[in-house]
Amino acid sequence: MHPFSCTQAHLCPQRLLDQPTNTQKGLSLTTNPRCHRQRTAKSGTHTVGYYDHHPTVDIDKPFVITGFSGSRSHSVAHFLAAMTGLPLTDLDRQIEHHAGRSLALLQREDGPNAWRNIEAQLLIRALKESPPRLLAVGEGALLHAKARKAAWKMAHVVYIRRPRPTLLANIQQGLRQNPERYPIFIDRYPQDVTALEPLLATREPIYERAHTQLDVMDIQPVEVARLLASRLGWST
């Protein structure tokens with residue numbers, strides 16, 4: 001039994017509705033169909049508890065969600081994970097946990113490429129994790145040749161593409177809210193879209209090899225996640 005199964009009355013969110021009353025003596029929560037449900041997976045149909053992990057889609061490989069700074073691809077990945085129940089690894093947070101410092105601090109103290117090798121190692125490791133998951137990766141995660149080769153071979157790569165003016169507006173807004181929001185722009189606040197071009201020139205040829213490319217305008221990440229789920233044929 002899962003330690004957080006809803007058969008433990010004190011943990012079940014339905015407990016106030018479903019606990020036995022004076023007129024329902026002997027009724028166990030284990031008999032309540034709302035506290036358990038059936039799902040079909042590749043291993044067959046089985047019962048899972050209320051708190052057990054049960055994604056609404058079944059994937060046989062990781063899905064890497066990427067995009068340039070300001071594309072809000074990380075937020076899209078988080079919303080997609082919430083909608084589908086798929087496990088999610090946010091590579092930026094993994095890097096910070098591994099290094100014990102924020103990306104911004106790594107950038108300031110060790111230089112712009114200090115965390116790229118760490119990023120590549122962690123991406124390759126995440127691609128091998130089971131069960132397959134969503135991977136939210138940074139704008140330059142696929143610049144590393146070894147990591148890029150592994151992603152093309154082992155995963156389905158998704159590129160979230162937004163128009164340059166939208167990227168610029170999102171980056172500027174993010175930097176105003178938090179000057180460390182985008183590490184690659186810490187010491188070079190972009191005044192116009194021309195400031196993005198050198199970086200895009202090295203990244204777009206890689207992004208455009210993605211298995212799925214989703215063009216979106218100025219819409220919220222949750223809407224982009226819905227569009228992406230529909231494009232992939234996923235039930236949410």
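Located above this text is the structure these notes cover.
Reference entry: report on the structure contained in this document. It should be emphasised that the depicted structure is a prediction, and the values quoted were computed from it without experimental measurement. (Residues numbered from 1 in each chain as written. Predicted model: local features only at pLDDT ≥ 70, side-chain atom pairs only at ≥ 80, totals over all residues. Heavy atoms only, no water.)

Side note on the nonpolar core
Here is the rule: Residues enter a nonpolar core if they are buried and are Ala, Val, Leu, Ile, Met, Phe, Trp, Tyr or Cys, with the set joined through side-chain atoms within 4.5 Å. Think of it in three bands: with a 1.4 Å probe and only protein chains considered, a residue is buried below 20% of the maximum accessible area for its type, exposed above 50%, and partly exposed in between. Runs of E in the DSSP output that reach at least two residues are strands. Runs of H or I that reach at least four are helices, and both are numbered from the N terminus.
Ranked by internal contacts, the top residues of the largest apolar core, which has 38 residues, are Phe-68, Ile-95, Leu-123, Leu-127, Phe-185 and Leu-196. At the level of elements, α3 (91-99), α4 (103-110), α5 (116-127), α6 (145-154), β6 (156-161), α7 (164-177) and α8 (197-207) are the ones that each hand at least two residues to this core. Top element by residues in this core is α5. It accounts for 7 residues. Among the nonpolar cores identified, the runner-up in size contains 21 residues, and Leu-80, Leu-134, Ala-225 and Ala-229 belong to it.

Some thoughts on α8
Heads up, the rule is: Along the arc lie the directions from the helix axis toward the C-beta atoms. Residues are treated as being in contact if the distance between any of their heavy atoms lies within 4.5 Å.
For α8, the full list of buried residues reads Leu-199, Leu-200, Arg-203, Glu-204, Ile-206 and Tyr-207. The buried residues of α8 occupy an angular sector of 155° when projected down its axis, which confines them to one face. Away from its buried face, by an angle of more than 90 degrees, α8 presents the exposed residues Pro-198 and Ala-201. Turning to α8, the residues buried within the fold contact β3 (63-66), α5, α6, β6, α7 and β7 (212-215).

What about the packing of helix α2 (residues 73-84) against helix α9 (residues 221-232)?
Geometry of a packed helix pair, given as the angle between the helix axes and the separation of the axes. Rules: Axis definition: a line fitted to C-alpha atoms, over the contacting stretch in the case of helices. Angles run 0 to 180 degrees between N-to-C directions. Throughout, the term roughly parallel applies to angles under 35 degrees, roughly antiparallel to angles over 145, roughly perpendicular to angles from 65 to 115, and oblique to all others. Handedness of a crossing is defined here by the sense of rotation of the near helix relative to the far one, left-handed for an anticlockwise turn of less than a right angle and right-handed for a clockwise turn. In this count, Pro and Cys sit with the nonpolar residues alongside Ala, Val, Leu, Ile, Met, Phe, Trp and Tyr, while Asp, Glu, Lys and Arg are called charged and the others, Gly among them, polar.
Following both chains from N to C, one finds α2 and α9 inclined at 60°, their axes separated by 8 Å at the closest point. Classified by the angle their axes make, α2 and α9 are oblique. Between α2 and α9 lies a crossing of right-handed hand. Every residue of α9 that contacts α2 at Ser-75, Val-76, Phe-79, Leu-80 and Met-83 is listed here: Pro-221, Val-222, Val-224, Ala-225, Arg-226, Leu-228 and Ala-229. Grouping the constituent residues of the contact of α2 with α9 by class yields 10 nonpolar, 1 polar and 1 charged.

Quick look at the environment of Lys-61
Residue placement: Lys-61 occurs in the loop between β2 (44-49) and β3. The spacing of Lys-61 and Pro-132 is 71 residues in sequence and 5.2 Å in space, taken between C-alpha atoms.

Points about the pattern of salt bridges
Counted only if it meets this: A pair is scored as a salt bridge if a Lys or Arg side-chain nitrogen falls within 4 Å of a carboxyl oxygen belonging to Asp or Glu.
For the structure on display, the rule yields 13 salt bridges. In this structure, Arg-101 engages Glu-109 in a salt bridge whose closest nitrogen and oxygen atoms are separated by 2.6 Å. Taken together, the salt bridges that share partners define one network made up of Arg-116, Glu-119, Glu-139 and Arg-203.

Structural notes on the sheet that holds strand β5 (residues 134-136)
Condition: Only strands that DSSP links by at least two bridges are regarded as paired with each other.
If you trace the 5 strands from one edge of the open sheet to the other, you get β4-β5-β3-β6-β7, paired in parallel fashion. One side of each edge strand has no neighbouring strand; the edge strands of this open sheet are β4 (88-90) and β7. Within this sheet the neighbouring strands show an average axis-to-axis angle of 20°, counted without direction. One ladder, built from 4 bridges, connects β3 with β6; its direction is parallel. Bridging across to β6, Ile-65 finds its partner in Val-158. On the sheet, α9 packs against β3, β6 and β7 and is oriented at approximately 140° with respect to β7.

Some remarks on unusual backbone geometry
Cis geometry marks the peptide bond from Ser-130 to Pro-131; its omega dihedral reads 0°. Within the fold, Pro-131 resides in the loop between α5 and β5.

Section: the packing of aromatic side chains
Note the threshold: Working definition: a ring pair exists when centres of Phe, Tyr or Trp rings (six-membered ring for Trp) sit within 6.5 Å. Plane angles under 30 degrees give stacked, over 60 give edge-to-face, the rest tilted.
Per the counting criterion, the structure on display carries 3 aromatic pairs. A centroid spacing of 4.8 Å and a plane angle of 70° characterise the contact between Phe-63 and Trp-234, whose relative ring orientation is edge-to-face. Here Trp-234 lies in the segment after α9 and Phe-63 lies in strand β3, a separation of 171 residues in the sequence.

Geometric descriptors of this kind do not, in isolation, establish any biological role.
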